[in-house]
Amino acid sequence: MAAVAGTKGMPRAEREALILDAATSLFAERGFVATSLSDVAAAAGITKPLVYSYFGPKDDLFAACLARASANIVTHVEAALVDVAPGVDAAFVVLEAMFTALAPRPQDWSLLYDTTVPSGTAVAAKLRDHRRLVAAPAIIGVRQGALANGLTDADDITAATEVWLSVLSALVRWWLAHPDQTVQDMLARCHRMFTAITGQER
């Protein structure tokens, strides 16, 4: 990420966003362990003490990036699901909302699934918490859809939830590896795949 110069006099909210953008990009690209506050400061075009004065140590900066990333996805998904009945249509609504949320900020997903965060740490716990927040609307949707269609066995619902979360994750990972694909390209692709697999039109 290229350094940004001339931030003197920038409003606090804008500088916070600048730091978060730089940090998210670096954390997503290099991973938590390989990214330092000095790296973030250089990318943002400011000093390391200034980064620290805004967000504290690296753990806290990473947590702030996680909070913004999960809020971005959850806000889009929850807003899109208002007044949408459970079922296949809801699944496509979730997909569209997730793709729309990530289109301008694809690093958010890589950040939320950073594999370099040391296990057993407070940072790892925060990472798990934010992953749960992102997964929660999909989990609720699967349960509601299952019950609406007469699927009441708890193990069936749990299995269906795992399958759906895996599908969501796989589709987003594929999309991030093919940045030329637009949101509408991905929705059309999902529609073709789901139709081919289930034999049913949406």
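The shown structure was predicted, so the numbers you read here are calculated from the model rather than taken from an experiment.

Enquirer: Even after reading the chapter, I still don't get unusual backbone geometry, so can you show me in this structure?
Expert: A negative phi angle characterises most non-glycine residues, just as the trans form characterises most peptide bonds. Positive phi is not limited to glycine here, since D83 has a value of about 65°. Assignment of secondary structure puts D83 in the loop between helix 4 (58–80) and helix 5 (88–102).

Enquirer: It is not clear to me how the environment of T35 should be interpreted in this structure. Could you clarify?
Expert: Following the sequence through the fold, T35 ends up in the loop between helix 1 (12–30) and helix 2 (37–44). Each C-alpha atom of the pair T35 and A23 lies 8.3 Å from the other, and the pair is 12 residues apart in sequence. The contacts of T35, once residues within four sequence positions are left out, are L26, F27, R30, V40 and K58.

Enquirer: Whenever I open this one, the packing of aromatic side chains confuses me. Can you help?
Expert: Two aromatic rings are characterised by how far apart their centres lie and by the angle between their planes. Scanning all chains against the criterion turns up 7 aromatic pairs. Geometrically, the ring pair formed by F32 and F62 is edge-to-face, given 5.0 Å between the ring centres and 65° between the ring planes. With F32 in the loop between helix 1 and helix 2 and F62 in helix 4, this pair connects stretches of sequence that are 30 residues apart. Just as F32 is buried, F62 falls in that class too. Each ring, one from F99 and one from W175, has its centre 4.9 Å from the other, and the planes form 65°; the classification is edge-to-face. Within this pair, whereas F99 is found in helix 5, its partner W175 is found in helix 8 (residues 154–176), the two being separated by 76 residues in sequence. Taking the relative accessible area as the measure of exposure, F99 reaches 0% and is therefore buried.

Enquirer: So what exactly am I meant to see when it comes to the layout of surface pockets here?
Expert: Over the atoms, a rolling probe the size of a water molecule traces out where space has been left empty. Within this model, the second largest pocket holds a volume of roughly 170 Å³. Surrounding the second largest pocket, M98, W109, Y113, R131, V134, A135, A138, L165, S166, L168 and S169 form its lining. When contributions to the lining of the second largest pocket are tallied by element, the ones reaching two or more residues are helix 7 (122–148) and helix 8. A breakdown of the residues in the lining of the second largest pocket according to their chemical character gives 8 nonpolar, 2 polar and 1 charged.

Enquirer: It is not clear to me how the nonpolar core should be interpreted in this structure. Could you clarify?
Expert: When a protein is soluble and globular, its nonpolar side chains tend to lie buried together. Among the nonpolar cores identified, the biggest contains 53 residues, and L61, F62, I73 and F99 are the most heavily contacted of them. The element contributing the most residues to this core is helix 5, with 9 residues. Dropping the residues within four chain positions of it, I73 is found in contact with M98, A101, L102, W109, L112 and V134.

Enquirer: How should helix 2 be read in this particular structure?
Expert: For an α-helix the count is 3.6 residues per turn, leaving residues at separations of three or four pointing the same way. Restricting attention to buried positions, one finds in helix 2 the residues L37, V40, A41, A43 and A44. Along the axis of helix 2, the buried positions cluster into a sector of 165°, meaning they face one direction only. Among the structural elements, helix 1, helix 3 (48–55) and helix 4 are those in contact with the buried residues of helix 2. Two residues or fewer past helix 2, G45 is found with a positive phi of approximately 75°.

Enquirer: For this particular structure, what's the right way to read the environment of M186?
Expert: As for its placement among the helices and strands, M186 is situated in helix 9 (residues 183–198). The class of M186 is buried, set by a relative accessible area of 0%. M186 sits 94 residues away from F92 along the chain, and the two C-alpha atoms are 11 Å apart. Beyond its immediate stretch of four places on either side in the chain, M186 contacts F99, L171, W174, W175 and Q181.

Enquirer: How do you make sense of the pattern of salt bridges when you look at a structure like this?
Expert: Two side chains bearing opposite charge may form a pair once their charged atoms approach each other closely. For the coordinates displayed, the defined rule picks out 5 salt bridges. As a salt-bridge pair, D39 and R30 come within 3.1 Å of each other at their nearest N and O atoms. Note that D129 is salt-bridged to R132, the shortest N-O span being 3.2 Å. Remark: R132 and D129 occur in helix 7; sequence separation between them is 3 residues, near one turn of the helix.

The rules behind each value
Residues numbered from 1 in each chain as written. Predicted model: local features only at pLDDT ≥ 70, side-chain atom pairs only at ≥ 80, totals over all residues. Heavy atoms only, no water. Helix = DSSP H or I, 4+ residues; strand = E, 2+ residues; numbered from the N terminus. Contact = heavy atoms within 4.5 Å. Phe/Tyr/Trp six-rings, centres within 6.5 Å; stacked < 30°, edge-to-face > 60°. Buried < 20%, exposed > 50% of the residue type's maximum accessible area, 1.4 Å probe, protein only. 1 Å grid on protein atoms, 1.4 Å probe; cavity = no way out; pocket = protein on both sides within 12 Å on 5 of 7 lines; lining within 4 Å. Points joined across faces, edges and corners; volume = space filled by probe spheres on them. Nonpolar A, V, L, I, M, F, W, Y, C, P; charged D, E, K, R; others polar. Core = buried A, V, L, I, M, F, W, Y, C linked by side-chain atoms within 4.5 Å. Arc of directions from axis to C-beta. Salt bridge = Lys/Arg side-chain N within 4 Å of Asp/Glu carboxyl O.

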